[in-house]
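# Working through the structure, step by step
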Amino acid sequence: MNIIIANIIDFVAAIVQVGSGAIKKKSRILIVQTVQLLMQAVSMLLLGGVTGAVSNVLSCFRNFLCYKDKLTVVWKAILIVASIGFTIALNDQGLLGIIPAAVCTIYIIFMDIKDPVKFKLLVTLSFVPWAVYHFILKSYTGAIFDVATVVTNAVTLFKMVKDNKEA
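Residues numbered from 1 in each chain as written. Predicted model: local features only at pLDDT ≥ 70, side-chain atom pairs only at ≥ 80, totals over all residues. Heavy atoms only, no water.

## Some details on the packing of helix 3 (residues 50-67) against helix 5 (residues 99-110)
Between helix 3 and helix 5, the shortest axis-to-axis distance is 9 Å and the interhelical angle comes to 15 degrees. With respect to helix 5, the axis of helix 3 lies roughly parallel. For helix 3 against helix 5, the interelement crossing comes out right-handed. In this structure, helix 3 uses T51, G52, S55, S59, R62 and N63 to contact helix 5, whose residues at the interface are P100, C104, Y107 and I108. Residue composition of the contact of helix 3 with helix 5, by class: four nonpolar, five polar and one charged. (Axes fitted to C-alpha atoms, helices over the stretch in contact; angles between N-to-C directions. Helix = DSSP H or I, 4+ residues; strand = E, 2+ residues; numbered from the N terminus. Parallel < 35°, antiparallel > 145°, perpendicular 65-115°, else oblique. Left-handed = near helix turned anticlockwise from the far one by under 90°. Contact = heavy atoms within 4.5 Å. Nonpolar A, V, L, I, M, F, W, Y, C, P; charged D, E, K, R; others polar.)

## Examining the nonpolar core
Core analysis: the biggest nonpolar cluster contains 17 residues, and L30, L71, L79, Y107, M111 and F119 have the highest contact counts within it. Residue assignment for this core shows that the elements contributing at least two residues are helix 2 (26-46), helix 3, helix 4 (73-90), helix 5 and helix 6 (116-137). No other element matches helix 6, which puts four residues into this core. Beyond its immediate chain neighbours, meaning those up to four positions away, Y107 contacts L30, Q33, R62, N63, F119, L122, V123 and S126. Residues A41, M44, L47 and Y133 belong to the second largest nonpolar core, which totals 10 residues. (Core = buried A, V, L, I, M, F, W, Y, C linked by side-chain atoms within 4.5 Å. Buried < 20%, exposed > 50% of the residue type's maximum accessible area, 1.4 Å probe, protein only.)

## Overview of the side chain of Q33
Position of Q33 relative to the elements: it lies in helix 2. Residues contacting Q33, with those up to four places away along its chain left out, are R62, N63, Y107 and V123.

## Some remarks on the environment of L47
Examined against the element boundaries, L47 turns out to sit in the loop between helix 2 and helix 3. Its relative accessible area of 16% is what places L47 among the buried residues. Spatially, the C-alpha atoms of L47 and N7 are 9.1 Å apart, while their sequence positions differ by 40 residues. For L47, the residues in contact, after removing those within four places along its chain, are N2, I3, A6, L137, K138 and S139.

Laid out in structure tokens, this is it:
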């Protein structure tokens, strides 16, 4: 029953996630992403993905700091250490449980990129490992929509690159 409930929650989160693929403005991407991350954290907890849920909650805080332009090197380090620390303490999924911390770390390091095209590329690529994580966790709607998000982001990325060349 948890799998069904988790997939329903993840379906709603996934619709929000896919919609974010059409957003070009970084601040709006971060706000929409925060809502989606909280919903997916609940879904992951229901499926036993504790490290993924913790990563999502940390990502909400990260997005808030970034949105407020307060994501300093110190905050980045704190978030990375927290992500790795929680993963070490709570991981009972082996290599699978490491995926959220790895994605979180890479995303935190590069998320303050000012170039919107490079930021969109970062967002796009960060969903690829999440697709694997969600699928193995049995969050099938999450996995399907992760792939759909990669596609919508890639289309938007292509348009952004094309617009930059024309300008």
